[in-house]
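Residues per chain are reported as follows:
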Amino acid sequence: LFAVAQHELIVQGFDPNEVIMNSLKTACTICTVLSTVAIYRTYLLGELFERVVRHITNLHPLDVNVPWTLPLRTHSFWLEFVIVCGHLPPFCTGEFGFTTFAYNFILYRAETLGALWGSFRLYLLWRVKRDVILSTLPRRHTVATFSGVKMDSSIAVKVVLNSTHSAPNILMVWGGLLIIAAYW
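The numbers attached to residues start from 1 for each chain and follow its sequence in the written order. Per-residue local features are limited, in this predicted model, to residues with pLDDT of at least 70; the limit for side-chain atom pairs, both in listing and counting, is 80 or more; totals at the level of whole chains, interfaces and linings are taken over all residues. To obtain the side-chain values, all non-hydrogen atoms of the structure were included, while hydrogens and water were left out.

A. The side chain of Ser 35, seen in detail. In DSSP terms, a helix is any run of H or I states spanning at least four residues, a strand is any run of E spanning at least two, and both are numbered starting from the N terminus. Here Ser 35 shows up in helix α2 (residues 19-58). Once residues within four sequence positions are removed from consideration, Ser 35 is found in contact with Val 84 and Leu 124. Should any heavy atoms of two residues lie within 4.5 Å, those residues are considered in contact.

B. Summary view of the pattern of salt bridges. Any Lys or Arg side-chain nitrogen found within 4 Å of a carboxyl oxygen on Asp or Glu counts as a salt bridge. Under the counting rule described, the total for this entry stands at 8 salt bridges. Linking Lys 25 and Glu 111 is a salt bridge whose minimum nitrogen-to-oxygen distance equals 3.0 Å. Placement of the pair is Lys 25 in helix α2 and Glu 111 in helix α4 (residues 110-118), with a sequence separation of 86 residues. We call a residue buried when its accessible area falls under 20% of the maximum for its residue type, exposed when it is over 50%, and partly exposed in between, using a 1.4 Å probe and counting protein chains only. For Lys 25, a relative accessible area of 0% corresponds to the buried category. With a relative accessible area of 1%, Glu 111 lands in the buried category.

C. View of the pairing of strand β1 (residues 95-99). For two strands to be treated as a pair, DSSP must find no fewer than two bridges joining them. As paired elements, β1 and strand β2 (residues 105-109) share 5 bridges and run antiparallel to each other. Paired with Glu 95 across the bridge in β2 is Arg 109. The hairpin turn running from β1 into β2, its antiparallel successor, is 5 residues long, and Tyr 103 in that turn takes a positive phi close to 60°.

Here is the structure:
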């Protein structure tokens, strides 16, 4: 959101070195740090949950001391880290230009590229929506254990599409993707 505000101010003609721009960049940096910590914590708690499930289902000894380096060993954590950490730090600005095949020169501001990269962070909202959807299911962990089906995004999508609110949800997703595609 802060990166989009930076881009919109640049489009309106604001100087990239103004106080308001650096304030928005600082807010974006704070959000980046908080998002990174939240993702790291999600991976730690996910491993702890898997250990509890193994303890309950297979009678493995329960070890609740998850090493702090465990998320750093997974490729998916590093992929999310790269996606979330891409932002324009405060007091940094610049341009990126290139020539097309038709000899047209195209110039992008760093704030514009930061807003484009920041839009990749929208996937974080799906985790929250998925958890809210799955929390409405009664005894979901018991059902998942007995059936051997993992309660993940595919189950959440099935629940949404089989509910009475499926049409508004489809319209919201379609509208959101349309707005994102138009912004790109």
